[in-house]
Amino acid sequence: MLRDGRGMGNSYAGQLKTTRFEEVLHNSIEASLRSNTLVPRPIFSQLYLEAEQQLSSLEAGSRADNEEEEEEEEEEEGSESSSPPVSYQVKPPPEGCCTTDGFCQAGKDLRLVSISNEHIEVPSGFLLVGAKSPNLPDHLLVCAVDKRFLPDDNGRNALLGFSGNCVGCGKKGFCYFTEFSNHINLKLTTQPKKQKHLKYYLVRNAQGALTKGSVICWKGAEFRGRQSSTSTCSSTLFQLPESSGLSGSTSSEPLPPANPSAPAGTQQTAAAVDHTPSTASFSSAVYNGKESPKKQLMKNNLSALTRPSVLGTLTNSGPPKKRHKGWSPESPSSSETWNLQLNPQASNRIKNDGGSLSSLPHSALVGPASSPMVGSGEPVSVPDNLLKICKAKPVIFKGHGNFPYLCGNINDVIVSPLLYTCYRNSQSLSRAYEQYGASTIQPISEEMQLLLTVYYLVQLAADQVPLIEDLEQIFMRSWRESHLSEIRQYQQAVPQAFPQVPSQITPVTSAQLPWLAGLAASSCNDSVHIIECSYSLAEGLSEMFKLLIEGKLMKTNYVVIICASRNRAIDSCIVITGKYQARILSESMLSPSDYQKEVNYQLVTGKVETLGSFFSTLCPEGDIDLLLEKFYQENQGHISSSLSASVNKPTAVNGAGTAVCTSYEIERHQVRPFQLAVAQKLLSHICSIADSSTQNLDLGSFEKIDFLICVPPSEVTYQQTLFHLWHSGILLELGLEKEHLTKQRVEQYVMKLDAEAQIKFKIFLQNSIQNPHTLFVLIHDHAHWDLMSAMHSLYPQTELSTGLVDRLLNCREVKEAPNIVTLHVTSFPYALQTQHTHISPYNEIHWPSSYSNGVDLYHENKKYFGLSEFIESTLSGHSIPLLRYDSSFEAMVMALGKRFPRLHSAVIRTFVLIQHYSAAMMAVCGLSQMKNYTSVETLEITQNLINSSRQCPSGHGLMVVLRIPCIPLAAVAYERLYNVRERLALEDNFEIILGNPNSGITIGKHFVEQLKIWQKIEDVDWRPQTYLDLEGLPCILIFSGMDPQGESLPRSLRYCDLRLINSSSLVRTSLEQELGLAAYFVSSEIHTEKAVVNDVLESDPEKLSSTDNEDEEIATEGSTSEKRSPMKRERSRSHDSASSSLSSKASTFCTESSPPQALSNSTEETTNNYERQKQKVDKGAQTTISKHLPPVTEQLDMKQNIKSTQVSITSSSSPPFSSSSSSSAPTHNSFILQTSQCSMTKASKQPPIVFLPKLVYDIITSTDSSGLPKSSSLLPYHSVMWASSFRPLMSKMMTCTEQSLYYRQWTVPKPIHMDYNNRNEGRMDTFHPRRLLLSGPPQVCKKNKIGKTGAYLQFLSILSRMLIRLTEVDVYDEEEINISIKEESDHYYHQPGDMWPDLESFKKMPFDYTIHDPKYEDASLICSKLQTINTEDRSMSRRQEDMYTCRQTTRMRLSKYAAYNTYHHCEQCHQYMGFNPRYQIYESTLHAFAFSYSMLGEEIQLHFIIPKSKEHHFVFSQPGRQLESMRLPLVTDKSEDYIKSPTFTPTTGRHEHGLFNLYHAMDGASHLHVLVVKEYEMAIYKKYWPNHIMLVLPSIFNSAGVGAAHFLIKELSYHNLELERNRQEELGIKPQDIWPFIVISDDSCVMWNAVEVDCSGDRKSDYTWTERNVSLKQILQHIEGTPNVTHYALIGMRKWSSKTNSAEIKEPFSCCHVHDFLMLNVDLTQNVQYNQNRFTCDDVDFNLRVHSAGLLICRFNHFNVMKKQIAVGGQRSFHIKSKVSDTPVSISPAQYICAPDSKHTFLAAPAQLLLEKYLQYHSHRFFPLSLKNYSHPVLSVDCYLNLGPQIAVCYVSSRPHSLNISSSGLTFSGLLLYLCDSFVVANFLKKFHFLKGATLCVICQDRNSLRQTVVRLELEDEWQFRLRDEFQTANAKEDRPLFFLTGRHI
């Protein structure tokens, strides 16, 4: 019976505190580093124990599901004994001890779940394992067991017996498993057996927690493994079955075998030598809180001792029966020792941290060898003096099967498991192919693998080095070809059980293998030698060593040793004996830091002195130094002035321009078109993040932008970024800084990732927390630079800055901050595109292609010249290749490498190159005999350098970059070259600069002065701070540092000498970075060289294979592309760019086509460019004109965009980041001169020449089978590895996005990579939502930022502008109309400073009938009495559709009291909006509310939707919860915290855009807000506004206008007032004390303002006023506090206008029309109704009714409302269309009416809308006399209808006792009777006088009532009617048209 032990005892007493994972890891590594002595293993260990427990160091895998466990248990039980099980009696436990399951007898908890985070002390030699208790099936119990009693991975070699400790109580020394099982309360019913109950190894995961590891492989496990076929993923703990030759991903533990079906022999060596460099990071798992078994073993066996020959061949393979009790695992035994081959280098770094295969420096023995290679079988002795004799350390690659022990002089060999790993991975089928039929498709056989390897080695040239990638692709292709038919069959077949399909190719047998291999090798002139052994590899290795010593393998580069027999699997290994290959492969094993240490060691210990003394013997004239000294003595005092004469000469300018050099051209700071395109792409990605439903970025809540740029710790890069930032003007534009910037202020925004970075970053984080409304952009420039995991930077040997990016940019605060967006910017994004990346593929932005199908998308005269163009220049048809290698240099290096085998090749190469440069300088200075001691290439460089300054009147010269990655070697080179230059008296001719990433630039004073003259800098203290400042300076720049860190180089760069780059570091990023130093932008202006037609075909630039501008114009030295366009080359300079991309063909920087945008810079700049281009001429004096002059509109449009970047520095002294920006532009005359003379000008017209090591040159210029350069298929980065050997080749046609997806699928980060732990089964969760990646070509660009830096600074600019735009709205800004008609009286009823109206004074104020609201500009004037109306033509000012689009608006910044639409969601109003943290919609209930209204003749039923959170505003009946009324406050209530008046907002079509969020407008005050919506829109409004109360109109009003909503709001409110009066009367409250006001507000009211009047002037009439934004709460509370407020029927306010004048507010209150936002007294207006039929002007109509009823309308002139222009919904949601066809046809208002019974097209629109629109546009047809006849208006009875602006109306009310104007002197030109009721009688109409010929229009609901009205009002007495004068609206009968009759006055 299963029992759950989770509720058991809870004692944690005495347990140790948890130790942080980092400390444990640190201590473990430190301990292993200190251990330099050997602790020999006891004899039993030597005889019987395998060294390795193949445990994965990573998180527990998914191996052991329950079925598998049960199966194993059954098998184990069955296999143990054939006898029946013996019943077992458990010994009773001691008295009083704990017997709880999961606890030991001392009461301590042993369950893994409970103690996984505890620190557990584990003695040396012990491991933590998990025991299974039958009573706790779901738990593992933690035990410490001596590992010698545990099996190896083959289930063998475990000592019988047991030794273990209790981890709970700490009791030690359990010698019997029975005793131990009792102590830990296993309570067994059968004999306790360790095989049955010790189930799993336990390992610590990345968080330091103990987790279940791999299954302990007791005997027989290998056969089960074989049955499990090739499915490695489920059975291996560490899920990297297809890691491409990378064993263990530089983890400290090796991987388990990826192919469980491999024979036992291969499995046992699966843990092969896992070389880890002393500085490499170990895996994230630490065994049981201590070192892993391998580390412990390694510590005990650090120096390799020979095995005594006495042992001979080991025949007794069985372990002893029992362990001797007194024997301790730690006890030393000096007589017998353990044999190891040590290789502390990183084998899994194929070509990453340095290379193709592996190496062993002799100094590395003190480092921690993390996993020694363990041999088997008889030992092989390595002969003494092997290195001395062979001149190289042979590199032995373990292949298949068992590998023998090596003993003796093992320092002189290197053993690597790389090949073994490659074989193993190539035998594990990829998951991609498993779908084709499980194991029926067999992996490639071992024999075929070995044979293919031989074939591969045979075809390698003598100077080539084998690459694992090549081999993997060979295996992949071979396998695919041999199984093609099967794969096709499986693709077509039903996936069921498949029959075995025999392979078409006959498999190679082990017997045939040696013969076939020998046959293959026979053709290669003995470069590959095959040794066949019959018994074991040991004999083959011995023979190989013997041949080496005898010198018989002099011509042999590779020895293949095969041991094949029929009855067992083959054993093999491959030995690299070629001196060149062995050296390259061994050095490639060194990590960058090991490489530096090794070189430093050789320099410090003086080992290089032998090299120096050798050089001194080369020169027949004696030592070079003596020659130099002699030369110096001879020439001292009369040095040739020709070398330096021109250097000191300042630029001379004469009228003719003949002696001036104008190489310093100004290019103003401007944004290039493609930079703008990239910035816009970035902005659109930011917007899409904000628009997504995840709410990860709320752009609406940010008011401004702030940023921090992180750069690598290079002083030059730092200064370069500061320079760009300063000159971009972005700080001023974003408002982050004021004018007069200082350098210190700019430095706040750029952070060097060095030791001090944490302080600056902490300030950045604090700012982000303190400013939640600022969006912080964290820009990580040169983002590929440091991707080390912070965990792995704890090593004492690593630099301080390592892992900083992970520690800072990936910290929890950055990840969780909602206002930080991280932008990674790099030219080499590959390392950020792995399976575990933080960056979503949707958040990647790639640099756009300049061309698409031959169309220039950006009108850009600068074309990128990247690596693909360099490669192209090496093809035939190009006169001078730009990529070269120096064969004589390589030959000398190879010869010296053989002579000095112990020296690192970097040392040799550097010394040879220094020697070449020294000899070349001497040769140029006259010692011509030295030409023989340099190479042609070096001589060319030196000659051009020294002569360059002579050819220019100003002394401008060339730059030569000499790249020496190793800093100590760079220092040696600098010292030597400096010394040679001094001796040759060239110190004034050119400068030698040591460029160290950690320090600034130091140059001689003489050269500083020279630069200041050229750049016209007056600042006395100026020093060059970036390499760009060195433009024109003749110099050798020794560029040191392991990687370029984003330093840009000037245009004067002519030679890029990369001969000393680490050619063993073959990873794509490293190569492209180095080559990126030469990247250029070529500008198409001046034709420089003779063109040779390029024969490369054009191809789609979006494809990987095309160069970035293969089909653009390229100028090389002597070559251009087909277009042969004139060119001028300019050095590209951007801060991230000292790196290079293999761009297109090399696949680095693929381009993606962007939509064509012909963007240009500002108009003036375009003109300037054009003028400049007209002035410049080539040698043939031909004028070239720019191809593209942008359209004027675009120029103007761009002006706005570019404005920000053209910031002029106006200080008189030079700014902190001065440059050549102040120099003058070239003149027409001087340009030709400079072209012919200045070598810098020549240099700046073509890309530099690049010299490469031969090995790198071959890789770059060779292509793989897909046509791509081989370099593109290299491992992309040293801290990632391939996920599988079974990966397709990159395609030549891949776009950038496809390339990213390729790397995301096929690469995984190693444990040292910062993304390693970013794993989650639900893949999408691992992407960080606010992280973007911008990748662009490596390019360097000077004063105008052509590259990525300029693009991201421009992005900040447009993002800032967009945020400002988001915080702005367009509000109507129109002056009041009809001001001239207003009566100007000298009498004022109130003082300007009065706060409230005085009731008595107000009653005396006349009502102003005239409409002043500008939205009614095209409405009819309302005449009040005999007015002198200006009869100017008030013509129809607008068409109907122009009503909104043409109204004048202004852009306003939203204040903190604004009303918002649904897009605003800040933290404060989340609850108000109804979004709780889990984003669940608030609950709400639907309530019906009915009341009767006599005028409609029926009961009205409305529905309320009331959210739970708003129910307190309503009263419900107690049983049944029926809605009774809406609570109303008392007139006497006073509170600062709530608004008394309920607010109603009618709305239609604006669920997203309506401004219903009044939280900020009300300043958080409690208020009741009701949205009035139509029934069909209820659901959508409820979705967007879940926490708002909705009043849903009856369905009959679905097509009604705003009048219906106003009508129902008012009637409902009055009915509710009555209900509340009745309810509260019962509580003793008087009816008149109930608050009678409601607010009716438009859905576009956005902000409210108050005018403050200051009347403190001398005279009473003097006053000043200011307007400020205030909250709606303040305004409403002020109005609600008006004395005698209940006497006012309507209260409103002005509409805002920027043109408001003092006269308008001198009288603080007006009695006039109110609109848009009003307070309505529903009590006083009980008998005045809104017209429910109206669509337009219903507020004017209602105002007139209220006034005529004698009620007061007050407008507060000191308050105004701003209305936002909303382009959707509202009145525009009514579309008038034909009822017959759905096709939208424009219907003119003239067609809105027709004759009754005609065949006119009926319209699908309400009759009332058609009537109102018709009268607005065509009323002159009914009232011809009234047109522009303002002194004779149309008499309108009981209603106001808009008859258009050219007709005036006079409103009169027929109600008794109503206030009407005196009409005694008025003669009317027309009469309008609209739906007149019984109050209109014949006598009433007879009081008015009409002109002769005046017209009448009677409008009724039907024809019958039309006739009745004519009769009832006796109209025929005075009016003449004709039958044809009857009309109707163009409605069908069922739509109830309106009818009207017209007549003429008799």
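Just so you know, these numbers come straight off a predicted model, no measurement behind them.

## With respect to the pattern of salt bridges
In this structure the tally under the stated criterion is 55 salt bridges. The salt bridge involving arginine 981 is made with glutamate 982; its shortest N-O contact spans 3.0 Å. Since its relative accessible area comes to 22%, glutamate 982 is described here as partly exposed. Sharing partners across several salt bridges, the network here consists of Asp1413, Lys1415, Asp1642, Lys1695, Asp1716 and Lys1763.

## Some thoughts on a positive patch on the surface
Together, Lys388, Lys391, Arg899 and Arg902 line one region of the surface with positive charge. Its place among the elements puts arginine 899 in helix H32 (residues 887-899). Here arginine 899 falls in the exposed class, since its relative accessible area comes to 52%.

## Here's the deal with the pairing of strand E30 (residues 1249-1252)
Two faces make up the sheet, and in a regular strand the side chains alternate between them. Taking every second residue as pointing to the same face, both faces of E30 are buried, with Ile1249 and Phe1251 on one and Val1250 and Leu1252 on the other. In terms of strand pairing, strand E21 (residues 883-885) meets E30 through 3 bridges, oriented parallel. Residue pairing across strands places leucine 883 opposite valine 1250, the latter belonging to E30. Across 3 bridges, the pairing between strand E25 (residues 1053-1057) and E30 is parallel. Opposite cysteine 1056, over in E30, you have valine 1250 as the bridge partner.

## Topic: helix H50 (residues 1672-1680)
Summarising burial for H50: 8 of the 9 residues are buried, a large majority. Those residues of H50 that sit buried are Leu1672, Lys1673, Ile1675, Leu1676, Gln1677, His1678, Ile1679 and Glu1680. On the buried face of H50, the contacting elements are strand E44 (1637-1641), strand E45 (1645-1654), strand E46 (1664-1670), strand E47 (1688-1695), strand E49 (1717-1721) and strand E50 (1752-1763).

## A few points about the state of the cysteines
What makes a disulfide is a covalent bond joining the sulfur atoms belonging to two cysteines. Across all of its chains, the model carries 0 disulfides by this definition. No disulfide involves cysteine 1712; its sulfur sits 7.2 Å from the nearest other cysteine sulfur, which is in cysteine 1711. On the basis of relative accessible area, cysteine 1712 is assigned to the buried category, the value being 4%.

## Regarding helix H28 (residues 757-770)
For H28, which comprises 14 residues, the first-to-last C-alpha distance of 20 Å matches the rise-based estimate of 20 Å (1.5 Å per residue) to within 8%. For H28, the elements touching its buried residues are strand E13 (704-711), strand E14 (750-752), strand E15 (774-781), helix H29 (804-809), helix H30 (812-816) and strand E16 (820-826).

## Considering the packing of aromatic side chains
Aromatic ring pairs: the centre-centre distance and the angle between the two ring planes describe each pair. Inspection of every chain in the model, using the stated rule, returns 40 aromatic pairs. Pairing phenylalanine 1489 with phenylalanine 1504 gives two aromatic rings, centres 6.1 Å apart and planes at 75°, and the pair type is edge-to-face. Here phenylalanine 1504 lies in strand E38 (residues 1498-1507) and phenylalanine 1489 lies in strand E37 (residues 1484-1493), a separation of 15 residues in the sequence. Across the pair, phenylalanine 1504 and phenylalanine 1489 agree in class, each one buried. Ring centres of phenylalanine 1556 and tryptophan 1585 lie 5.3 Å apart, and the angle between their planes is 80°; this geometry places the pair in the edge-to-face category. Note that phenylalanine 1556 is positioned in the loop between strand E41 (1543-1546) and strand E42 (1569-1573) and tryptophan 1585 in the loop between helix H48 (1578-1584) and strand E43 (1589-1592), a separation of 29 residues in sequence. Tryptophan 1585 shares its class with phenylalanine 1556; the two are buried.

## Regarding the sheet that holds strand E9 (residues 414-416)
With mixed pairing, 5 strands are arranged side by side in an open sheet as E9-E7-E12-E11-E10. At either end of the open sheet lies a strand with only one pairing partner, and these are E9 and strand E10 (528-533). Ignoring strand direction, the axes of neighbouring strands in this sheet form an average angle of 20°. When E10 meets strand E11 (residues 558-565), the two strands line up parallel, connected through 6 bridges. Within the sheet, the bridge partner assigned to cysteine 533 lies in E11 and is cysteine 563. Lying over the sheet, helix H18 (residues 537-550) contacts strand E7 (395-398), E10, E11 and strand E12 (568-576), oriented at roughly 140° with respect to E10.

## Details of the nonpolar core
Residues Phe1504, Trp1648, Leu1873 and Leu1915 are the most contacted members of the largest nonpolar core, which totals 168 residues. No other element matches the 8 residues that helix H49 (residues 1602-1625) contributes to this core. Excluding residues that lie within four positions of it along the chain, phenylalanine 1504 makes contacts with Thr1485, Leu1486, His1487, Phe1489, Phe1514, Leu1523, Val1570, Ile1589, Met1590, Leu1591 and Leu1612. Leu418, Ile914, Leu927 and Ala973 belong to the second-largest nonpolar core, a separate cluster that totals 145 residues.

## Describing unusual backbone geometry
With the exception of glycine, the majority of residues adopt a negative phi angle, and the majority of peptide bonds are in the trans configuration. Notably, asparagine 1684 is not glycine yet its phi reads approximately 55°, a positive angle. Relative to the elements of secondary structure, asparagine 1684 occurs in the loop between H50 and E47. Residue classification places asparagine 1684 among the partly exposed residues on the basis of a relative accessible area of 42%.

## Things to note about the packing of helix H22 (residues 624-635) against helix H35 (residues 967-983)
Contact pair H22 / H35: the axes reach a minimum separation of 9 Å and the direction vectors enclose 35°. Of the residues in H35, those touching H22 at Ile624, Asp625, Leu628, Glu629, Phe631 and Tyr632 are Arg976, Val980, Glu982 and Arg983. Residues that form the contact of H22 with H35 fall into these classes: 5 nonpolar, no polar and 5 charged.

## Comments concerning the pairing of E44
Burial within E44 is extensive, with 5 of its 5 residues counted as buried. Burial along E44 is two-sided: Phe1637, Val1639 and Ser1641 facing one way and Ile1638 and Ile1640 facing the other are all buried. Pairing between E41 and E44: 2 bridges, direction parallel. When the sheet's bridge partners are listed, phenylalanine 1544 is paired in E44 with isoleucine 1640. Across 5 bridges, E44 lies against E49 in antiparallel orientation. Each bridged residue has a counterpart across the sheet, and for serine 1641 the counterpart in E49 is phenylalanine 1717.

## Focus: the sheet that holds strand E1 (residues 126-133)
Here 5 strands make up an open sheet; going across it, the order is E3-E2-E1-E4-E5 and the pairing antiparallel. Because the sheet does not close on itself, it has two edges, and the strands there are strand E3 (164-166) and strand E5 (210-215). Mean inter-strand twist for the sheet, computed between neighbouring axes without regard to direction, equals 45°. Examined bridge by bridge, strand E4 (residues 198-204) and E5 share 4 bridges and lie antiparallel to one another. Within E5, the position partnered with arginine 204 by the bridge is leucine 210.

## Here we look at the environment of leucine 1885
With respect to the helices, strands and loops of the structure, leucine 1885 is situated in helix H54 (residues 1882-1885). Each C-alpha atom, one on leucine 1885 and one on serine 1854, is 9.1 Å from the other, the two residues being 31 residues apart in sequence. The residues touching leucine 1885, leaving out its near neighbours within four places in the chain, are Val1837, Leu1871, Leu1873, Val1880, Phe1890, Leu1913 and Leu1915.

## Things to note about the confidence of the model for the chain
Of all residues in the chain, 71% attain a pLDDT of 70 or more, and the chain-wide mean is 76. Within the model, pLDDT remains below 50 along residues 32-86, and this stretch shows 149 contacts once partners closer than five positions in the same chain are excluded. Across residues 794-798, where pLDDT falls below 50, the model places 15 contacts with residues more than four positions away in sequence or in other chains.

Conventions we followed
Residues numbered from 1 in each chain as written. Predicted model: local features only at pLDDT ≥ 70, side-chain atom pairs only at ≥ 80, totals over all residues. Heavy atoms only, no water. Salt bridge = Lys/Arg side-chain N within 4 Å of Asp/Glu carboxyl O. Buried < 20%, exposed > 50% of the residue type's maximum accessible area, 1.4 Å probe, protein only. Patch = residues over 30% accessible without salt bridge, like charges linked within 9 Å, V, L, I, M, F, W, Y side chains within 5 Å. Areas by Shrake-Rupley, 256 points an atom, 1.4 Å probe, with all protein chains shown as cover. Lys, Arg positive; Asp, Glu negative; His and termini not counted. Charge placed at Lys NZ, Arg CZ, Asp CG, Glu CD. Helix = DSSP H or I, 4+ residues; strand = E, 2+ residues; numbered from the N terminus. Pairing = 2+ DSSP bridges. Contact = heavy atoms within 4.5 Å. Disulfide = S-S within 2.5 Å. Expected span 1.5 Å × (residues − 1). Phe/Tyr/Trp six-rings, centres within 6.5 Å; stacked < 30°, edge-to-face > 60°. Axes fitted to C-alpha atoms, helices over the stretch in contact; angles between N-to-C directions. Core = buried A, V, L, I, M, F, W, Y, C linked by side-chain atoms within 4.5 Å. Nonpolar A, V, L, I, M, F, W, Y, C, P; charged D, E, K, R; others polar. pLDDT = per-residue confidence, 0-100.

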